[in-house]
Amino acid sequence: RAQTLGSEPPRYLGVIVILGRAACTHPLAHRKVFQTLGGETRFYAMPFVEGVTMWQLSFAVALEEANALREAGQLALLAEARRRCGAWHDPIPQILQDSMPGDVSGYPAFDRPPPDPSALASARQLNDQVVLLGDASHPMSPFRGQGAN
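Counting restarts for each chain: residues are numbered from 1 in the order of the written sequence. Whole-chain, interface and lining totals are the exception, using all residues; otherwise, since this is a predicted model, local features are given only for residues with pLDDT of at least 70 and side-chain atom pairs are given and counted only at 80 or more. Side-chain measures here rest on the full set of heavy atoms in the structure, leaving out hydrogens and waters.

### Remarks on the nonpolar core
Selection criterion: Note on terminology: a nonpolar core comprises buried Ala, Val, Leu, Ile, Met, Phe, Trp, Tyr and Cys residues joined through side-chain atoms within 4.5 Å. Buried means the residue's accessible area, taken with a 1.4 Å probe over protein chains only, is under 20% of the maximum for its type, while exposed means over 50%, and partly exposed covers the values in between. Should any heavy atoms of two residues lie within 4.5 Å, those residues are counted as being in contact.
Counting residues in hydrophobic clusters, the biggest one holds 22 residues, and the most contacted among them are Ile18, Phe43, Trp55 and Leu57. When residues no more than four places from it in sequence are discounted, the contact partners of Ile18 are Trp55, Gln56, Leu57, Phe59, Leu69, Leu77, Val104, Ser105 and Gly106. Counting five residues, the second-largest nonpolar core is a separate cluster that includes Val15, Val17, Leu19 and Tyr107.

### Considering the side chain of Glu80
Which entries qualify depends on this criterion: Numbering of helices and strands runs from the N terminus, with a helix taken as a DSSP run of H or I at least four residues long and a strand as a DSSP run of E at least two residues long.
With respect to the element layout, Glu80 can be found in helix α3 (residues 74-85). For Glu80, a relative accessible area of 14% corresponds to the buried category. With near-sequence residues (within four places) excluded, Glu80 lies in contact with Phe59 and Leu69.

### Considering α3
Selection criterion: By this rule, a helix spans an expected 1.5 Å times one less than how many residues it contains. What the arc measures is the spread of directions leading from the helix axis to the C-beta atoms.
Here α3 is 12 residues long and its end C-alpha atoms lie 16 Å apart, about the 16 Å a rise of 1.5 Å per residue gives. Listing the buried residues of α3 in full gives Leu77, Leu78, Glu80, Ala81 and Cys85. Around the axis of α3, the buried residues are gathered within 155 degrees of arc, so they sit on the same side. In α3, the exposed positions that point more than 90 degrees away from the buried face belong to Leu75 and Arg83.

### Quick word on the packing of aromatic side chains
Defined as follows: When two rings of Phe, Tyr or Trp (its six-membered ring) have centres within 6.5 Å they constitute a pair, described as stacked for plane angles under 30 degrees, edge-to-face for angles over 60, and tilted for the intermediate range.
For the coordinates displayed, the defined rule picks out three aromatic pairs. Their ring planes at 55 degrees and their centres at 5.5 Å tell us that Tyr12 and Phe110 sit as a pair that is tilted. Within this pair, whereas Tyr12 is found in strand β1 (residues 11-23), its partner Phe110 is found in strand β5 (residues 105-111), the two being separated by 98 residues in sequence. For Phe110, a relative accessible area of 29% corresponds to the partly exposed category. Within the aromatic cluster, the residues linked to one another by ring pairs are Phe34, Phe43 and Trp55.

And the structure:
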């Protein structure tokens, strides 16, 4: 991608993503995906392995705050998830309560601008072979490759 399209720096999407997992047998999460939205906060859950749900929380926050929360570590990330969603509908509070700090991570989300088609056309005119696969070919945000990207 960098050789053909250049290496523009990624752009911050204005959200942090916090990920975790926990044992969960609630019918809403059993072998199912569910998503709950509340203002600028999104909670997404999907099966990880039998009886375990992987969850993802994303919410709008300034980059400085996102970096500070990431740097504060797993306990702080989990505490923030519980603070934001601990009173939401079942099974979200229980999933967050049962999540272990060692299974939690978080990061500010970035993406890149879409490729300029003229850049690919100019590479073809130079008889260069260009193949872009996966995330290199489009600007979709890196929400852990959960099927959409």
